[in-house]
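# Report on the structure
Each chain is listed here by its residues.
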Amino acid sequence: MLDAIARLGKAVLDSIAGAGAALLMLLRALLGKPQLRKSFPLLMQQMYSIGVLSLVIIIVSGLFIGMVLGLQGYTILVDFGAEQSLGPMVALALLRELGPVVTALLFAGRAGSALTAEIGLMKATEQLSSLEMMAVDPLRRIISPRFWAGFYSMPILAVIFSAVGIYGGYLVGVRWLGVDEGAFWSVMQSSVDWNEDILNGIIKSIVFAFVVTWIALHKGYNCVPTSVGISRATTSTVVTASLAVLGLDFILTALMFG
Amino acid sequence: MESRTTQLAVGMFVIIGVAALLFLGLQAANTSAVSSGETYKIYAKFDNIGGLKERSPVKVGGVVVGRVSRITLDGEYYEPLVEMTISATYDEFSETSSVSILTSGLLGEQYIGLRPGFIDDTVELLKDGDYIYDTKSALVLEDLIGQFLFSQGND
């Protein structure tokens, strides 16, 4: 009985210590005098490996999700003679929910796991310690550019995802199933609002970018430096980041559209 | 440092992102009406426009010839005034034409049905800025039910 209570207490203390370590890591990495000339090439490098290389999976899955939305929406809406509403259905679903959320989930799987594994291996092979030996702050040199790269890349990826998805819905709805093209766009334009839908979607993806990148870096930086530890940290990154994204999405949706 | 190709790729990435945002803003959201080709405007006053919106289509016999470009209240009695932008390809409508607000399907969007009038020597063709006086308002379901109940009660 006492053991169980002690275990519970240890778990609570561990999670609080973990949250504190994550916050400290982020603050140390981001605060401090910015050195633009040194950090810009590093940022470019990371933008390339985090953002540009995620482009293919984002575009392909965006296209297919848009096409599936068009197909499923059409078969239901055509029963009510309301297939003109296909445009706003596809656009609102993508801009408000699917764009930011699916991008964040894919990003956690594609880029987040890679970040954790990379930093975990750096720690296991003591590259981080040797950087410190050479008086280079690993937080500024390794963590900070990766954080900013993820933070900038994901909203761009989410916007691309939504745009490609809407085009996929257009391909299936208008080109294949024969919804009137003018009605598809004009009904969409009359129900999609710049501030209400597009900007709120972008705000969501910025929040997700912050959370997913932060979790990935923290898990890598604080992992147990063994092969088992790295594999656990990578798994835990994907699971924690996905759950955090889905939970936060509910809260943000309730705040924005509730 | 192999920065040249990396920078190019990141630059392309950002450009694609901006292009996607522009696509969303211009094509998916309601920002500006981009109409292609030559157009002219005609006006019509209604008692009630129902669910008509800006950018709703104007159709002749089911064929789209233009779009509603503006809806305002006009005159001292605040009558709804609808501005329609018609493609200049179709410029042979006479002043005896009539417009009515119709619904596509049972639950569909509302649009303006334009019925061309007869043409002979005594009538003129509609020009840019002209008004169509023969208009029929939107059917409002509640009014219809009310009229029906009222006529039932008289029997």
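Computed from a predicted model, the values in this text were never measured in an experiment.

Across its full length, chain B carries two helices and eight strands. When the helices and strands of chain B are read in sequence order from the N terminus, they spell out α-β-β-β-β-β-β-β-β-α. Taking the principal axes of the C-alpha coordinates as reference, chain B spans close to 90 × 50 × 35 Å. Put simply, of all contacts in chain B between residues at least 6 apart along the chain, 63% involve residues at least 24 apart.

A separate point is the overall build of chain A. A tally of helices and strands in chain A yields nine helices and zero strands. Reading chain A from its N end, one meets helices and strands in the order α-α-α-α-α-α-α-α-α. Overall, chain A is about 70 × 55 × 30 Å in size when its C-alpha atoms are taken along their principal axes. Counting only residues that meet the buried cut, chain A has 44% of its 258 residues in that class. Within chain A, residue pairs in contact and separated by at least 24 positions form 88% of the contacts whose partners lie at least 6 positions apart.

A positive phi angle, close to 60°, is found at E126(A), a residue other than glycine. Position of E126(A) relative to the elements: it lies in the loop between α4 (86–124) and α5 (127–133). For E126(A), a count of 12 C-beta atoms within 10 Å translates into the label exposed. A positive phi angle, near 50°, is found at Y78(B), a position not held by glycine. In this structure, Y78(B) sits in the loop between β3 (63–74) and β4 (79–87).

Next up on the list: the interface of chain A and chain B. Contacts between chain A and chain B engage 31 residues on the former and 29 residues on the latter. Secondary-structure elements contributing two or more residues to the side of chain A that touches chain B are α2 (36–50), α6 (138–176), α7 (181–191) and α8 (194–221) of chain A. No other element matches α7(A), which puts eight residues into the side of chain A that touches chain B. For the side of chain A that touches chain B, a count of residues per class yields 21 nonpolar, nine polar and one charged.

Right, let's talk about helix α3 (residues 55–77) of chain A for a bit. An ideal rise of 1.5 Å per residue puts 33 Å on 23 residues; α3(A) measures up with 32 Å between its terminal C-alpha atoms. Summarising the contacts, the buried residues of α3(A) are in contact with α4 and α6 of chain A.

On to the environment of L177(A). All names here are of chain A. The topology assignment puts L177 in the loop between α6 and α7. For the pair L177 and Q45, spaced 132 residues apart in sequence, the C-alpha separation works out to 43 Å. Every residue in contact with L177, bar those within four places of it in the chain, is listed here: Y74 and V172.

This part is about the sheet that holds strand β2 (residues 57–60) of chain B. Residue and element names in this part refer to chain B. Strand order in the open sheet formed by eight strands is β7-β1-β4-β3-β2-β6-β5-β8, with mixed pairing between adjacent strands. Edge positions in the sheet fall to β7 (130–132) and β8 (134–136), since each has one partner strand and no second. Looking at each pair of strands side by side, their axes are set apart by 35° on average, direction ignored. Relative to β4, strand β1 (residues 39–45) runs antiparallel, the two sharing seven bridges.

Residues and elements named next belong to chain A. Helix length check: helix α1 (residues 2–30), at 29 residues, gives a terminal C-alpha distance of 42 Å against a target of 42 Å (1.5 Å per residue), a fit within 8%. With two of 29 residues buried, α1 is to be regarded as a mostly surface element. A positive backbone phi angle near 115° is found at G32, which sits one or two residues after α1.

Judged by nonpolar contacts, the single largest core of 70 residues is most densely connected at A91(A), I160(A) and V212(A). Among residues more than four places away in sequence, those in contact with A91(A) are I166(A), M188(A), V192(A) and A28(B). In this structure, L52(B), M84(B), Y111(B) and I112(B) belong to the second largest nonpolar core, which totals 19 residues.

Quick look at the pairing of β1(B) now. Summarising the sheet, β1(B) and β7(B) pair through three bridges and their orientation is parallel. When the bridges of β7(B) are listed, Y43(B) appears paired with Y131(B).

Residue and element names in this part refer to chain A. One way to put it is that α1 packs onto α6 with a least axis distance of 8 Å and a crossing angle of 95°. Here α1 lies roughly perpendicular to α6, going by the angle between them. Residue-level contacts link M25, R28, A29 and L30 of α1 to L139, R140, I143, S144 and F147 of α6.

Attention now goes to the packing of α4(A) against helix α9 (residues 227–257) of chain A. All names here are of chain A. Relative orientation of the contacting elements α4 and α9 amounts to 150°, with a least axis distance of 9 Å. The angle between α4 and α9 places the two elements in the roughly antiparallel class. α4 and α9 meet at a crossing whose hand is right-handed.

Residue and element names in this part refer to chain B. Chain-level statistics for chain B give a pLDDT mean of 83 and a share of 91% at 70 or above. Considering only residues more than four positions removed or in separate chains, one finds that residues 31–35, a stretch of pLDDT under 50, has six contacts. Confidence estimates for the predicted assembly give a pTM of 0.72 and an ipTM of 0.80.

Turning to the pairing of strand β6 (residues 110–115) of chain B, a few remarks are in order. Residue and element names in this part refer to chain B. Two elements, β2 and β6, share two bridges in a ladder whose sense is parallel. Opposite V58, over in β6, you have I112 as the bridge partner. Pairing analysis gives six bridges linking strand β5 (residues 98–103) to β6, with the strands arranged antiparallel. Directly across from S100, in β6, lies its bridge partner G113.

Rules used throughout
- Residues numbered from 1 in each chain as written.
- Chains lettered and ligands numbered in written order.
- Predicted model: local features only at pLDDT ≥ 70, side-chain atom pairs only at ≥ 80, totals over all residues.
- Helix = DSSP H or I, 4+ residues; strand = E, 2+ residues; numbered from the N terminus.
- Contact = placed C-beta atoms within 7 Å.
- Buried ≥ 20, exposed ≤ 12 C-beta atoms within 10 Å, placed from the backbone.
- Nonpolar A, V, L, I, M, F, W, Y, C, P; charged D, E, K, R; others polar.
- Expected span 1.5 Å × (residues − 1).
- Pairing = 2+ DSSP bridges.
- Axes fitted to C-alpha atoms, helices over the stretch in contact; angles between N-to-C directions.
- Core = buried A, V, L, I, M, F, W, Y, C linked by C-beta atoms within 7 Å.
- Parallel < 35°, antiparallel > 145°, perpendicular 65-115°, else oblique.
- Left-handed = near helix turned anticlockwise from the far one by under 90°.
- pLDDT = per-residue confidence, 0-100.

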